[in-house]
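Structure at a glance
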Amino acid sequence: RMVKMRKVLLIICLLAILTASVVLQAAPKMNVMIYSSMKDSQLSALKEGFSKKYPNIVFDFYTAGTGKVMTKISTEQQAGGISADLIWVGEPTNYVEFKKQGLLLPYASPEAKTIPAAMKDPDNCYCAARLVGLGIVYNTINVKGNDIPKDWDDLLKPRFKGLLTMTDPIFSGTTLYTVAALVQSEKYGWKYLERLKANGIKLVQGSSDAPNKVGAGEYDVCIGVDYIAKDLIRQGSPVGFVYPASGMSLVSSPIAIVKNTKNLEAAKILYDYILSLEGQQILVKANTTPIRFEIKVEDVNLETIIKNALPVNDERLVAEKDEMLKRFDELMKK
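Residues numbered from 1 in each chain as written. Predicted model: local features only at pLDDT ≥ 70, side-chain atom pairs only at ≥ 80, totals over all residues. Heavy atoms only, no water.

Secondary structure assignment for the chain yields twelve helices and ten strands. Projecting the C-alpha coordinates of the chain onto the three principal axes gives extents of approximately 95 × 45 × 30 Å. The buried share of the chain, reckoned over its 334 residues, is 51%. Relative to all contacts within the chain whose residues are 6 or more apart in sequence, the contacts with residues 24 or more apart total 76%. Put simply, the chain shows about 16200 Å² of open surface, and 55% of that area lies on carbon and sulfur atoms. Computed over 42 positive and 36 negative side-chain charges, the inter-centroid distance for the chain is 6 Å. (Helix = DSSP H or I, 4+ residues; strand = E, 2+ residues; numbered from the N terminus. Buried < 20%, exposed > 50% of the residue type's maximum accessible area, 1.4 Å probe, protein only. Contact = heavy atoms within 4.5 Å. Areas by Shrake-Rupley, 256 points an atom, 1.4 Å probe, with all protein chains shown as cover. Lys, Arg positive; Asp, Glu negative; His and termini not counted. Charge placed at Lys NZ, Arg CZ, Asp CG, Glu CD.)

Among the 13 residues that make up strand β5 (residues 127-139), 13 are buried, leaving the element largely enclosed by the rest of the structure. In this sheet, strand β10 (residues 249-258) lies alongside β5 in antiparallel orientation, the contact comprising seven bridges. Residue pairing for β10: Leu134 is matched across the bridge by Ser249. Bridging between β5 and strand β8 (residues 221-225) involves five bridges; their strand directions are antiparallel. Across the sheet, residue Tyr138 finds its bridge partner in β8, namely Val221. Across four bridges, the pairing between β5 and strand β9 (residues 239-242) is antiparallel. Among the inter-strand pairings, Ile136 is bridged to a residue of β9, identified as Val242. (Pairing = 2+ DSSP bridges.)

Relative to the helices and strands, Ile223 is located in strand β8. On the accessibility criterion, Ile223 (4% relative accessible area) is buried. In contact with Ile223, other than residues within four places in its own chain, are Gly135, Trp152, Leu155, Thr165, Met166, Thr178, Leu196 and Ala210.

Taken as a whole, this structure holds 18 salt bridges when the rule is applied. Asp154 is paired through a salt bridge with Lys157; the nearest N and O atoms lie 3.5 Å apart. Take Lys157: its relative accessible area is 36%, and that puts it in the partly exposed class. A salt bridge links Lys213 to Glu218, with the nearest nitrogen and oxygen atoms 3.5 Å apart. Residue Lys213 is classed as partly exposed on the basis of its relative accessible area of 27%. It is possible to trace a salt-bridge network through shared partners that takes in Lys39, Asp231 and Arg234. (Salt bridge = Lys/Arg side-chain N within 4 Å of Asp/Glu carboxyl O.)

Next up on the list: the environment of Ala118. Summarising the element assignment, Ala118 is placed in the loop between β4 (104-105) and β5. With relative accessibility at 80%, the residue Ala118 sits in the exposed group. On a C-alpha basis, the gap between Ala118 and Ala128 in space is 9.3 Å, while along the polypeptide they are ten residues apart.

Our next topic: the packing of helix α9 (residues 264-275) against helix α10 (residues 277-285). Running from N to C, α9 and α10 cross one another at 60°; their axes reach a closest spacing of 4 Å. Relative to α10, α9 is oriented oblique. For the pair formed by α9 and α10, the contact residues are Tyr273, Ile274 and Leu275 on the first element and Leu277, Glu278, Gly279, Gln280 and Ile282 on the second. (Axes fitted to C-alpha atoms, helices over the stretch in contact; angles between N-to-C directions. Parallel < 35°, antiparallel > 145°, perpendicular 65-115°, else oblique.)

Here we come to the state of the cysteines. Taken as a whole and judged by the stated rule, the model has zero disulfides. In this model Cys125 remains outside any disulfide bridge; the closest cysteine sulfur is found in Cys127, 12 Å from its own. (Disulfide = S-S within 2.5 Å.)

Another point: the layout of surface pockets. Rolled over the atoms, a probe as big as a water molecule pinpoints where empty space is left. Considering only enclosed or pocket space, the largest pocket measures out at about 560 Å³ in volume. Along the walls of the largest pocket sit 24 residues, with Ala118, Met119, Tyr177, Ser252 and Asp314 positioned nearest its centre. Contributing elements (two or more residues each) for the lining of the largest pocket: β5, β10 and α12 (314-332). For the lining of the largest pocket, the per-class residue count stands at 19 nonpolar, one polar and four charged. Volume-wise, the second largest pocket comes out at about 360 Å³. Together, 22 residues line the second largest pocket, and Ser37, Ala64, Gly65, Gly206 and Ser207 are the ones closest to its centre. Those elements that place two or more of their residues in the lining of the second largest pocket are α3 (66-79), β5, α5 (173-184) and α8 (226-234). (1 Å grid on protein atoms, 1.4 Å probe; cavity = no way out; pocket = protein on both sides within 12 Å on 5 of 7 lines; lining within 4 Å. Points joined across faces, edges and corners; volume = space filled by probe spheres on them. Nonpolar A, V, L, I, M, F, W, Y, C, P; charged D, E, K, R; others polar.)

With that settled, the discussion passes to the confidence of the model for the chain. Overall, the predicted model of the chain reaches an average pLDDT of 90, with 92% of residues at or above 70. Below pLDDT 50 for its whole length, residues 20-26 participates in zero contacts with residues either more than four positions away or in separate chains. (pLDDT = per-residue confidence, 0-100.)

What follows is the structure, encoded as structure tokens:
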């Protein structure tokens, strides 16, 4: 009897394994592609977590500066269709334009319920998925003590003449948003940018270039992105980061699903995952500020930085963007 029972159990186990194998083989493989201006390391970390949770979905991404991503989208659009299923760039007003062009698919993610209404499109065409702060990055070897800048006006000091840099807003959506924040501010405006130019500010192309050049000692200070500076600090680069006392530039970088996606189910799953607590925790480990207030970040109070951020009127920026970039070029590149 024991021998028979063992044989029966063995057959049951083999049938269970065979059934599981058939089910796994039957699970259809899905694909999802995201175009993003985020760092490769951040997207790779997300991909690793996502792929473990959803092994039947192949997650690919294309990453470059916002300007290059926008060019790629525009080129593909003209050629007959965007190959991305999701878009995730830094500058929110791009989504205002995408929506007007009818490029986005409305999707009310269950993971977006706790995200502030101000950071979501009322028609659910896009939703903020991270917060990007821009402030002041400085070289800790060259800049010490009272010389460490605490606010935007400190960049105008003779001490930094010819020793400061920023990213060209044509190539970086987050810098474009920062320029708009300064231009729209009653306190700063175009006069502040004119004074930066008079103090010898130089332009670089990528968002990472400015902090990297400060870390290398080529410049003493720059206007730079918080998570890029924090990555450099973690790697041992001699840089420090300051959120300006009178208000930082804060960009609520959104995600959206492309309307004509051929991978809608996978796109929704990835959208939800990015906004989920698990996805946001992965971003925190990659030095990104989360959009979910439930997550506590060691050195950042989300409510405080949002309250103290320099405001930007997105509709005004959409209307004035081309003229603003033209005027910026004429000022900075003459």
